[in-house]
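So you can see what is in the structure, the chains are spelled out below.
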Number of protein chains: 2
Amino acid sequence: MPRPREFEPDAVVDQAMLRFWWRGYRATSIEDLVKATGVKPGSLYSAFPGGKHALFLKSLERYSKLIVPQKLGELAAPGASLAALRGYFDGLVQDLLSPEGRQGCLLVNTAIENAAEDDEAAAVVRGHLARLEQCMTTALRNARGAGEVRASVDPAGHAKVLVATCQGLMVVGKANPDATVLRAIVDNAFAVLV
Amino acid sequence: MPRPREFEPDAVVDQAMLRFWWRGYRATSIEDLVKATGVKPGSLYSAFPGGKHALFLKSLERYSKLIVPQKLGELAAPGASLAALRGYFDGLVQDLLSPEGRQGCLLVNTAIENAAEDDEAAAVVRGHLARLEQCMTTALRNARGAGEVRASVDPAGHAKVLVATCQGLMVVGKANPDATVLRAIVDNAFAVLV
DNA sequence: CTTGTTCTTGAATGGTTGCTCATGTATGTT
DNA sequence: AACATACATGAGCAACCATTCAAGAACAAG
């Protein structure tokens, strides 16, 4: 019997995610979201109790479930090997060099901007890092089994390094989106494995 | 004949640097700086034409000249070798684990928060990355000469990787300031060199 | 002491922030 | 047709933002 909702909450989260991704949490205002979605403040706040912060957490989760798997690609597969791992890094570089990908990774941005003051956001970031590390461990283990990397490389240990390296790649890419620089980082990160 | 200034502009920049370091550019208000320094808005704006943004750029430069060399330590010396390089990473980890160092690196934070929208800030960050890379190149070259790292490691190339790795270390440390995790990253980053 | 110059002060500016709430509206049931 | 329910609307709130400015104050030169 109630009046039906005239907008799709998921679409609002999608738009919010994009804004937070591009501009960050603090720089994104409710008015931005109102303009982007056409949903007025009152409706926004009744649909998302907890306001801007709740919407932000939902955006992080949506990013984790929608964007991250897409970026992981073959790296998420159990059979992922060195090529998939390299493909992931190449994809990152390609993104950072394209106008549509310059914003880097929402979760990396969040780690820097919010993790210190927002435990819930930090927890989502930690979950992402853990998943990334697990994918990379698997890929490195497979690669070592196939003789694609030196036997002295510890898959679980070096996966942690690669996680840090790709986070750092995004930091460098933000300040210096230069193809030569970014490709050199990836080339040398892999050169040391063989 | 003019009335003398009652505050030290450099001290204001120091305070501003600390605030921007801890809370970021957007989250730091002029009122914060007024409270921290005791200097009233009018004096602030007349001493620093360009307002908040100019003060931010001065803070970045001050950080580069004051904090960075202190963190680099022996790594900045021409004779720096593997121990100095390792010492730099260990220092980063120690900082990230201490309450006074959790804020990470002002320039990394700036890369993420401002580089995309602030070319002047991005330029300072790029300068920092270049200096870091140069120090690491030298250290790696010395280390290779001394037989501390494998001959197949390219100093200039792998320095780029280490720069990215230490930026990433700071991202991971912000979301997950865990001694085991951070030390494992450093251990494995160096294990692969020998 | 007067004057010129630069400083300090803090109230005030106009704008933005996240958020709320009274009012009106569309619906399914009765 | 009347009602209960949840929704849509957008003006409005207090707080905060970066910034400006008129007024007064401290100094050195004359």
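Keep in mind that what you see is a predicted model, and the values were worked out from it rather than measured.

A look at the relation of the copies chain A and chain B
Then comes step 1: For the pair chain A and chain B, the superposition axis carries a translation of 0.0 Å, the fit reaches an RMSD of 0.1 Å, and the rotation angle comes to 180°. Look at the turn and shift together and you get a two-fold axis relating the two.
Then comes step 2: Counting the interface residues of chain A, we find that 100% of their copies in chain B are interface residues as well, pointing to one common contact surface.

Describing the environment of Gly145(A)
Residue and element names in this part refer to chain A.
Then comes step 1: In this fold, Gly145 is placed in helix α7 (residues 119-145).
Then comes step 2: For Gly145, a relative accessible area of 70% puts it in the exposed group.
Then comes step 3: Once the C-alpha coordinates of Gly145 and Ser81 are considered, the two residues, 64 residues apart in sequence, prove to be 9.4 Å apart.

Quick word on the protein's contact with DNA strand C
Then comes step 1: In the region of DNA strand C, 23 residues are neighbours, and Met1(A), Tyr45(A), Lys52(A), Met1(B) and Pro2(B) sit closest.
Then comes step 2: Counting only atoms of DNA strand C within 4 Å of the protein, the sugar-phosphate share comes to 68%.
Then comes step 3: Between Arg3(B) and DNA strand C, the recorded distance is 3.2 Å, taken from a side-chain N or O atom to a base oxygen.
Then comes step 4: Elements with a contribution of two residues or more to the surface near DNA strand C: α2 (30-37), α3 (41-47) and α4 (51-72) of chain A together with α3 (41-47) of chain B.
Then comes step 5: The biggest single contributor to the surface near DNA strand C is α3(A), with three residues.
Then comes step 6: Here the surface near DNA strand C is composed, by residue class, of ten nonpolar, six polar and seven charged.

Remarks on the packing of aromatic side chains
Then comes step 1: Applying the stated criterion to the full structure yields twelve aromatic pairs over all chains.
Then comes step 2: Consider the rings of Phe20(B) and Tyr25(B), whose centres lie 5.7 Å apart with planes at 35°: the pair is tilted. The pair Phe20(B) / Tyr25(B) is uniform in exposure class, with both members buried.
Then comes step 3: Above the plane of the ring of Tyr25(A) lies Lys52(A), whose end atom (NZ or CZ) is 4.6 Å from the centre.

Section: the side chain of His128(B)
Residues and elements named next belong to chain B.
Then comes step 1: You can see His128 is positioned in helix α7 (residues 119-145).
Then comes step 2: According to the relative accessible area criterion, His128 is buried, its value standing at 6%.
Then comes step 3: Excluding its chain neighbours within four sequence positions, the residues that come into contact with His128 are Val68, Cys105 and Leu107.

Some remarks on the protein's contact with DNA strand D
Then comes step 1: Taken together, the neighbourhood of DNA strand D is formed by 23 residues, with Pro2(A), Met1(B), Ile30(B), Tyr45(B) and Lys52(B) sitting nearest.
Then comes step 2: Sugar plus phosphate, as a fraction of atoms of DNA strand D within 4 Å of the protein: 66%.
Then comes step 3: Take Thr28(B): an N or O atom from its main chain is 3.3 Å from a phosphate oxygen of DNA strand D.
Then comes step 4: Glu31(B) is positioned such that a nitrogen or oxygen atom in its side chain is 3.3 Å from a phosphate oxygen of DNA strand D.
Then comes step 5: Contributing elements (two or more residues each) for the surface near DNA strand D: α3 of chain A together with α2 (30-37), α3 and α4 (51-72) of chain B.
Then comes step 6: Examining the composition of the surface near DNA strand D, we find that three residues originate from one element, α3(B), more than from any other.

Notes on the UniProt feature "domain: HTH tetR-type" (unreviewed entry) in chain A
Then comes step 1: As annotated by UniProt and renumbered to match this structure, "domain: HTH tetR-type" (unreviewed entry) occupies residues 15-57 of chain A.
Then comes step 2: The span residues 15-57 of chain A is 72% helical and 0% strand by assignment, and the distance between its end C-alpha atoms comes to 13 Å.

Thoughts on the environment of Gly168(B)
Then comes step 1: Within the secondary structure, Gly168(B) is located in helix α8 (residues 155-175).
Then comes step 2: With relative accessibility at 0%, the residue Gly168(B) sits in the buried group.
Then comes step 3: Put simply, Gly168(B) and Leu18(B) are 150 residues apart on the chain and 22 Å apart in space, counted from C-alpha to C-alpha.
Then comes step 4: If near-sequence neighbours (up to four positions away) are discounted, Gly168(B) is found in contact with Ala164(A), Gln167(A) and Gly168(A).

Let's talk about the state of the cysteines
The bond known as a disulfide is covalent and runs between the sulfur atoms of two cysteines.
Residue and element names in this part refer to chain B.
Then comes step 1: The full count for this structure, using the stated rule, is zero disulfides over all chains.
Then comes step 2: Between Cys105, a free cysteine, and Cys166, which holds the nearest cysteine sulfur, the sulfur-to-sulfur gap is 8.4 Å.
Then comes step 3: Cys166 gets classed as buried once you look at its relative accessible area, which sits at 0%.

Notes on the nonpolar core
Then comes step 1: The biggest cluster of nonpolar side chains holds 136 residues, and the ones touching the most others in it are Phe89(A), Met136(A), Phe89(B) and Met136(B).
Then comes step 2: Among residues more than four places away in sequence, those in contact with Met136(B) are Leu75(B), Leu85(B), Tyr88(B), Phe89(B), Ala159(B), Leu162(B), Val163(B) and Cys166(B).

Definitions and cut-offs
Residues numbered from 1 in each chain as written. Chains lettered and ligands numbered in written order. Predicted model: local features only at pLDDT ≥ 70, side-chain atom pairs only at ≥ 80, totals over all residues. Heavy atoms only, no water. Least-squares fit on C-alpha atoms with pLDDT ≥ 70 in both. Contact = heavy atoms within 4.5 Å. Helix = DSSP H or I, 4+ residues; strand = E, 2+ residues; numbered from the N terminus. Buried < 20%, exposed > 50% of the residue type's maximum accessible area, 1.4 Å probe, protein only. Near = heavy atom within 4 Å. Polar contact = N/O pair within 3.5 Å; in protein donor to acceptor, adjacent residues only side chain to side chain. Nonpolar A, V, L, I, M, F, W, Y, C, P; charged D, E, K, R; others polar. Phe/Tyr/Trp six-rings, centres within 6.5 Å; stacked < 30°, edge-to-face > 60°. Lys NZ or Arg CZ within 6 Å of the ring centre and 35° of its normal. UniProt positions renumbered as here; feature names shortened; annotations may be inferred. Disulfide = S-S within 2.5 Å. Core = buried A, V, L, I, M, F, W, Y, C linked by side-chain atoms within 4.5 Å.

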